[in-house]
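# Observations on the three-dimensional arrangement
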Amino acid sequence: MTLHTVMPLEAVWEKQGEETKTTEVRFKGILMEVKPLDHNQVQIVRLLDGPLDSYLNPSYSPGQIIRYVPAT
């Protein structure tokens, strides 16, 4: 891979080795990858499976925070 940048390589690759904890959940019929924030909140990382119109719904766009209570 060739990378053309004026930024120092340390700044470009600083988060390369960090691993964020994500999990897959099904919410309203949509399978999504999320990052847990608080006890009842998650942040959407990406949609994995669901109806096609859910990909156009701004409520489910990456970065959105939703209330999710796992079933016990």
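As the structure is a prediction and not an experimental result, all values here were calculated from the model. (Residues numbered from 1 in each chain as written. Predicted model: local features only at pLDDT ≥ 70, side-chain atom pairs only at ≥ 80, totals over all residues. Heavy atoms only, no water.)

## Observations regarding the pairing of strand E3 (residues 41-49)
Heads up, the condition is: Only when DSSP finds a minimum of two bridges between them are two strands counted as paired. The way it works is that DSSP assigns letters per residue, a run of H or I at least four long becomes a helix, a run of E at least two long becomes a strand, and they are numbered from the N terminus.
Summarising the sheet, strand E2 (residues 30-36) and E3 pair through 6 bridges and their orientation is antiparallel. In the sheet register, Pro-36 faces E3, and the bridge partner there is Val-42. Linking E2 back to E3 in an antiparallel pair, the connection comprises 4 residues. Examined bridge by bridge, E3 and strand E4 (residues 65-67) share 3 bridges and lie antiparallel to one another. Looking at the pairing, Gln-43 lines up with Ile-65 of E4.

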